[in-house]
Amino acid sequence: MNLPRRWIARAGVLLWLVLAVPPVRHALQATMTLQMLAQIPLLVVAGWLASRATPRRVNAALASWNAQGVAGLLLASFTGAVWMLPRMMDASVDVPHVAIAKFITLPLLVGVPLGLSWPRMGFVVRGVFLLEAIATTFRLGWLYLISRQRLCSNYLLGDQQRLGRALIVIGVALSLFVIWKLMWGHVRIPDESDGA
């Protein structure tokens, strides 16, 4: 059963509103692990869902700018990388205007570009994106796990190391998923009309 695009987009806006409610926001920022593995991804999902409201004519106008989804992928990757920096995670808890920037940029500059670009991406671009996502989880996990000092002043060293272990587990799980998909799963290679 396929839901209408407008209902999917409304679900994204509703998710964003729920995440912005102070008790929910504070709960998801209570630990470094929750902020990176719950709040940030959910804000991206909210933008991805909201991207379904993009009018088809606007999507078509972006086609030349976002050939094969590469431009949208680069915008999303660079923006997402900023919010994974420990300094930015700290600032989003302590500084109100940085928190507002996080709640605006993650959905609009990560979620929406990914939502619009994913259908346009070819097999190779998707593969590069997934490999870089896996490498990033291992790099950050290793950094958080071996660091002897706190990288975020708002969170304890134990929470930082817990996040490091979780990121390494996620990296292993994603690696196994990609290997399974390539060896035994059905890999669908999109054609040119998929992004139109």
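Whatever comes next refers back to the structure up there.
Here we summarise the structure given alongside this text. (Residues numbered from 1 in each chain as written. Predicted model: local features only at pLDDT ≥ 70, side-chain atom pairs only at ≥ 80, totals over all residues. Heavy atoms only, no water.)

### A word on unusual backbone geometry
- The backbone of Gln68 shows a phi angle near 60°, a positive value even though the residue is not glycine.
- Note that Gln68 resides in the loop between helix 4 (56-62) and helix 5 (70-83).
- A relative accessible area of 35% means that Gln68 is categorised as partly exposed. (Helix = DSSP H or I, 4+ residues; strand = E, 2+ residues; numbered from the N terminus. Buried < 20%, exposed > 50% of the residue type's maximum accessible area, 1.4 Å probe, protein only.)

### Side note on the nonpolar core
- Membership of the largest hydrophobic core comes to 17 residues, with the highest contact counts inside it found for Leu106, Val110 and Leu114.
- Where this core is concerned, the elements lending two or more residues are helix 3 (32-50), helix 5 and helix 7 (96-117).
- Sorting elements by how many residues they give to this core places helix 7 first, with five residues.
- Apart from residues no more than four positions distant in its own chain, Leu106 is found in contact with Ile40, Leu43, Val44, Trp83 and Gly111.
- Counting residues in hydrophobic clusters, the runner-up holds nine residues, among them Met36, Met89, Leu163 and Leu167. (Core = buried A, V, L, I, M, F, W, Y, C linked by side-chain atoms within 4.5 Å. Contact = heavy atoms within 4.5 Å.)

### Describing the packing of aromatic side chains
- Going through the model one piece at a time under the given rule, you end up with three aromatic pairs.
- With centroids separated by 6.3 Å and ring planes inclined at 35°, the aromatic side chains of Phe177 and Trp180 adopt a geometry described as tilted. Linking Phe177 with Trp180, this pair stays in helix 9 (residues 157-183), spanning three residues, or about one helical turn.
- With relative accessibility at 45%, the residue Phe177 sits in the partly exposed group.
- Since its relative accessible area comes to 42%, Trp180 is described here as partly exposed.
- Site record: aromatic cluster; members linked through ring pairs are Trp48, Trp118 and Phe129.
- Between the NZ or CZ atom of Arg10 and the centre of the ring of Trp7, over which it lies, the distance is 4.8 Å. (Phe/Tyr/Trp six-rings, centres within 6.5 Å; stacked < 30°, edge-to-face > 60°. Lys NZ or Arg CZ within 6 Å of the ring centre and 35° of its normal.)

By themselves these figures say nothing about function.
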